[in-house]
Amino acid sequence: MESSLEFSNSLGSVSSMLTRCRTFKVLVIGDSGVGKTCLTHRLCAGEFPSRVEATIGVDFRERQLDINGERIKLQLWDTAGQERFRKSMVQHYYRNVHAVLFIYDVTSPATFSGLVSWIEECRQNSLGQQIPRFLVGNKSDLRDPSRAEAQVSQEWAMSFSKAQGMMFFETSAKNSPNKCGKGRQSGGEVPYQQDKVEDIVVAVGAKLKRLKKPSVASAPANGSFKILNKKRPEKELWTCC
Ligand SMILES: Nc1nc2c(ncn2[C@@H]2O[C@H](COP(=O)(O)OP(=O)(O)OP(=O)(O)O)[C@@H](O)[C@H]2O)c(=O)[nH]1
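Quick caveat: nothing in here was measured; it's all calculated off a predicted structure.

Parameters at a glance
Along each chain, residue indices are assigned from 1 in the same order as the chain's sequence is written. Reporting in this predicted model follows two pLDDT cut-offs: at least 70 for local features of residues, and 80 or more for side-chain atom pairs to be given and counted; totals over whole chains, interfaces and linings ignore these cut-offs and use all residues. Helix numbering and strand numbering both begin at the N terminus, where a helix is a DSSP run of H or I of at least 4 residues and a strand a DSSP run of E of at least 2. Buried means a residue has 20 or more other C-beta atoms within 10 Å of its own C-beta, exposed means 12 or fewer, and partly exposed covers the counts in between; C-beta atoms are placed from the backbone. Here, residue contact means that the backbone-derived C-beta atoms of the two residues sit within 7 Å. Each residue receives a C-beta atom built from its backbone; the residue is near a molecule or strand if that atom lies within 6 Å of it. Amino acids outside the nonpolar list (Ala, Val, Leu, Ile, Met, Phe, Trp, Tyr, Cys, Pro) and the charged list (Asp, Glu, Lys, Arg) are all regarded as polar, and Gly is one of them. Joined through C-beta atoms within 7 Å, a set of buried Ala, Val, Leu, Ile, Met, Phe, Trp, Tyr and Cys residues constitutes a nonpolar core. Confidence of the predictor in every single residue is expressed as pLDDT, which spans 0 to 100. Two strands qualify as a pair provided DSSP detects at least 2 bridges between them. A helix is expected to span 1.5 Å for every residue after the first. What the arc covers is the set of directions going from the helix axis to the C-beta atoms.

## Section: the overall build of the protein
Helices and strands together make up the secondary structure of the protein, namely seven helices and nine strands. Considering the protein as a whole, with its 241 residues, one finds that 34% of them fall into the buried category. Summarising the internal contacts of the protein: among those between residues at least 6 apart in sequence, 74% fall at separations of at least 24.

This is how it looks when you write it as structure tokens:
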């Protein structure tokens with residue numbers, strides 16, 4: 001017969017299995033003003049923020065997900081797009097990253113061209129194609145068919161994401177788009193991809209869930225960033241959900 005001590009031990013391990021979950025660090029990068037803060041806010045809080053200011057350093061937001069019966073936690077690092085607000089932070093951004101979201105603004109081709117330097121910065125910090133990477137065109141609610149040539153076409157974005165081995169989404173942090181609608185692009189009516197913000201979070205979660213051994217950066221759930229002087233060994237981290 002099981003002793004009361006054994007019984008309580010097994011109860012303890014069952015309950016800890018139920019409450020612990022894997023945490024994944026997801027870096028969100030892109031030019032200033034593309035909507036990184038709004039998107040991460042929408043991903044985590046489910047709403048478009050009424051007021052936003054330029055991010056200084058980094059903001060953290062968390063989102064828990066249930067993927068096929070496993071509870072995981074995404075720790076989104078909303079990084080500053082402005083060089084002056086990020087330069088002292090860059091090495092911290094890139095430590096122990098599990099996935100990267102590259103964001104551009106579909107109404108601003110300059111932010112799409114800017115992706116090349118974000119990819120290069122990732123490469124310089126040893127984040128290449130071995131890490132799951134996602135390309136997200138934001139502000140799809142501002143697409144204007146009469147100004148198609150002044151916007152980033154989905155054909156460009158799709159072929160770019162394919163060449164870079166990224167999964168592609170186009171969405172709006174502001175207005176939830178109709179999935180896979182038909183729209184007018186480049187003068188003609190063509191089907192184009194419109195994703196809900198929730199589709200992105202589910203795709204990221206599903207991809208990360210398949211990773212065998214996540215390691216995680218130390219960061220608070222929400223709030224400010226502390227710069228650590230001591231180098232700490234990287235370790236696997238399970239946290240309580
Ligand atoms: N219409 C529309 N506006 C958006 C959307 N996402 C963000 N915005 C607006 O774009 C502006 C910039 O948004 P932020 O989220 O602060 O951009 P950011 O990329 O975090 O900027 P930095 O912090 O400077 O790097 C704000 O005025 C937002 O209201 C969107 O999907 N649609």
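Next, the rest of the story.
## Some words on the environment of Asp 199
Position of Asp 199 among the secondary structure elements: in helix α7 (residues 197–209). Considered as a pair, Asp 199 and Lys 87 are 112 residues apart in the sequence and their alpha carbons are 32 Å apart.

## What about the environment of Met 89?
In this structure, Met 89 sits in the loop between β3 (70–79) and α3 (90–93). Sequence spacing of Met 89 and Gly 57 is 32 residues, and the spatial spacing of their C-alpha atoms is 6.2 Å.

## Focus on the site of the ligand
Among the 20 residues in the neighbourhood of the ligand, the closest are listed as Ser 32, Gly 35, Thr 37, Thr 55 and Gly 81. The element that contributes the greatest number of residues to the shell around the ligand is helix α2 (residues 36–45), accounting for three residues. Here the residues of the shell around the ligand are counted per class, giving seven nonpolar, nine polar and four charged.

## Looking at the nonpolar core
The biggest cluster of nonpolar side chains holds 41 residues, and the ones touching the most others in it are Val 26, Phe 102 and Phe 134. Listed by contribution, the elements that provide at least two residues to this core are β1 (20–29), α2, β3, β4 (99–105), α5 (115–124), β5 (133–138) and α7. Of all the elements, β4 adds the most residues to this core, at six residues.

## Topic: the confidence of the model for the protein
Per-residue confidence for the protein averages 82 on the pLDDT scale, and 73% of its residues sit at or above 70. For the stretch residues 182–187, pLDDT sits under 50, and the model shows 13 contacts to residues farther than four places along the chain or on other chains. Overall, residues 214–236 carries pLDDT values under 50, and its contacts beyond four positions in sequence, including any with other chains, amount to 31 contacts. The complex prediction reports pTM at 0.83, with the ipTM value standing at 0.99.

## With respect to the environment of Asp 141
Here Asp 141 shows up in the loop between β5 and α6 (154–164). Note: C-alpha distance between Asp 141 and Cys 122 (19 residues apart in sequence) is 29 Å. Residue contacts for Asp 141: discarding those within four places in its chain leaves Ser 172, Lys 174 and Asn 175.

## Remarks on the pairing of β4
Looking along a regular strand, one sees the side chains alternate between the two faces of the sheet. For β4, the tally of buried residues reaches seven of seven residues, placing the bulk of the element in the interior. By the alternation rule, side chains of β4 split into Ala 99, Leu 101, Ile 103 and Asp 105 and Val 100, Phe 102 and Tyr 104, which are all buried. Where β1 lies against β4, four bridges are found, and the strand directions are parallel. Bridged to Val 26 within β4 is Ala 99. Here β4 pairs with β5 via six bridges, running parallel. Bridge assignment links Ile 103 to a residue of β5, and that residue is Val 136.

## Some points on α7
Given a rise of 1.5 Å per residue, 13 residues ought to cover 18 Å, and the 19 Å separating the end C-alpha atoms of α7 matches this to within 8%. Within the span of α7, buried status applies to Val 197, Val 204, Gly 205 and Leu 208. One side of α7 holds all its buried residues, which, seen down the axis, span an arc of 95 degrees. Buried residues along α7 sit against β1, α2, β2 (58–67), β3, β4 and β5.

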